[in-house]
Amino acid sequence: MKNLSKIVLLIVVFMTFLSCKQQQQARMPISRSSGTFMKESAARNKKLIAGEEGKIDSIIKSNPKIEYLASKKGYWYHYQIKNEKDTLRPKKGDVAQFDYEIMDLKGNVLYSEVELRPQTYLVDKQNILMGLRDGIKLMHKNEKVTFLFPSHMAYGYHGDSKLIKANEPIICTVTLNDFKPKEKITPQVNITKNE
């Protein structure tokens, strides 16, 4: 009886081994997508962005005395305080200190500068709003800039789960107080004297 159970066990192990060795073909998907979902999603996003840009454009046109500049990344900005003496701008790895305020497109303050200050940001090495990440690198020290960010450059389709709604474009006023290269940390060496 023991021999019979050993033989059965060996046969089961051998059959399992053989079945594992055979190459399995990938299964075909149960339903094939024709790409309509992606096309519809792209069309919705284009319509959303066009609507947001239309709102931002009306803000720009309602303030003809203010010179707004268009960024290559898809947002607009203007200088409230411009520093034309300095030439340096924050670059990757610098530590930037800034204050900022967030408003909706109607000018209602969502987060005040006092609530959000102070901000210390390791340039391009920390996660912050995509628009701020790029906008800070356009600034010189002691400049104050107002940015008009469409939602995809701000909090996106989630919002911030508090005051900023899903797909909400924002106005962000930023003051770059200072920036410095990240200091290299040098290890301290403890030297003891032999007595």
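Keep in mind it's a predicted model, so treat the numbers as computed, not measured.

Here's the deal with the nonpolar core
Link 1 in the chain: Core analysis: the largest hydrophobic core is formed by 26 residues, its most contacted members being I102, F147 and F149.
Link 2 in the chain: Of all the secondary structure elements, the ones that give two or more residues to this core are β3 (94–103), β4 (109–111), β6 (144–149) and β7 (170–181).
Link 3 in the chain: In terms of residue count, the dominant contributor to this core is β7 (five residues).
Link 4 in the chain: If sequence neighbours within four positions are ignored, I102 has contacts with N108, V109, L110, Y111, L116, Y155, I164, I170, I171 and C172.
Link 5 in the chain: Core analysis: the second largest hydrophobic core is formed by nine residues, I59, I60, W76 and M103 among them.

A look at the confidence of the model for the protein
Any region with low pLDDT has predicted coordinates that should not be read closely.
Link 1 in the chain: On average, the protein scores 84 in pLDDT, and the residues at 70 or more come to 82%.
Link 2 in the chain: Taking the mean pLDDT of every element in the protein, the minimum, 68, falls on helix α1 (residues 2–21) and the maximum, 97, on β6.
Link 3 in the chain: When the criterion is pLDDT under 50, residues 184–195 qualifies, and its contacts beyond four places in sequence or with other chains add up to zero contacts.

Some details on the side chain of S151
Link 1 in the chain: Mapped onto the fold, S151 is located in the loop between β6 and β7.
Link 2 in the chain: A relative accessible area of 3% places S151 in the buried class.
Link 3 in the chain: One polar contact links S151 to E52, side chain to side chain, over a distance of 2.6 Å.
Link 4 in the chain: If near-sequence neighbours (up to four positions away) are discounted, S151 is found in contact with L48, E52, G156, N167, E168 and P169.

Quick word on the packing of aromatic side chains
Link 1 in the chain: By the definition in use, this model includes seven aromatic pairs.
Link 2 in the chain: Between Y75 and F149, the aromatic rings sit 5.2 Å apart at their centres with planes inclined by 70 degrees, giving edge-to-face as the arrangement. On the criterion of sequence distance, the pair formed by Y75 in the loop between β1 (69–70) and β2 (76–81) and F149 in strand β6 is long-range, its members being 74 residues apart.
Link 3 in the chain: On the basis of relative accessible area, Y75 is assigned to the buried category, the value being 0%.
Link 4 in the chain: Where Y77 meets Y79, the ring centres are 6.0 Å apart and the plane angle is 75 degrees; that geometry is what we call edge-to-face.
Link 5 in the chain: Through a chain of ring-to-ring contacts, the aromatic side chains of Y75, Y77, Y79, F147 and F149 assemble into a single cluster.

Observations concerning the pairing of β7
Link 1 in the chain: Taking burial as the measure, the twelve residues of β7 include nine buried ones, the bulk of the element.
Link 2 in the chain: Taken together, the ten bridges between β3 and β7 define a ladder with antiparallel strand orientation. When the bridges of β7 are listed, E101 appears paired with T173.
Link 3 in the chain: The pairing of β6 with β7 spans six bridges and is classified as antiparallel.

Structural notes on helix α2 (residues 36–62)
Link 1 in the chain: Between its terminal C-alpha atoms α2 stretches 39 Å, which fits the 39 Å expected from 27 residues at 1.5 Å a residue.
Link 2 in the chain: Here α2 has its buried residues at E52, I56, I59 and I60.
Link 3 in the chain: Tucked inside the fold, the buried residues of α2 contact β2, β6 and β7.

As for the side chain of E143
Link 1 in the chain: One can find E143 in the loop between α4 (130–135) and β6.
Link 2 in the chain: Here E143 is buried and forms no salt bridge, its nearest opposite-charge partner K82 lying at an N-O distance of 5.9 Å.
Link 3 in the chain: One polar contact links the side chain of E143 to the main-chain amide nitrogen of N83, over a distance of 3.0 Å.
Link 4 in the chain: A polar contact is formed between the side chain of E143 and the backbone nitrogen of H140, at a distance of 2.7 Å.
Link 5 in the chain: Setting aside residues up to four positions removed in sequence, E143 forms contacts with Y79, I81, K82, N83, L138, V174, T175 and L176.

Definitions and cut-offs
- Residues numbered from 1 in each chain as written.
- Predicted model: local features only at pLDDT ≥ 70, side-chain atom pairs only at ≥ 80, totals over all residues.
- Heavy atoms only, no water.
- Core = buried A, V, L, I, M, F, W, Y, C linked by side-chain atoms within 4.5 Å.
- Buried < 20%, exposed > 50% of the residue type's maximum accessible area, 1.4 Å probe, protein only.
- Helix = DSSP H or I, 4+ residues; strand = E, 2+ residues; numbered from the N terminus.
- Contact = heavy atoms within 4.5 Å.
- pLDDT = per-residue confidence, 0-100.
- Polar contact = N/O pair within 3.5 Å; in protein donor to acceptor, adjacent residues only side chain to side chain.
- Phe/Tyr/Trp six-rings, centres within 6.5 Å; stacked < 30°, edge-to-face > 60°.
- Pairing = 2+ DSSP bridges.
- Expected span 1.5 Å × (residues − 1).
- Lys, Arg positive; Asp, Glu negative; His and termini not counted.
- Salt bridge = Lys/Arg side-chain N within 4 Å of Asp/Glu carboxyl O.

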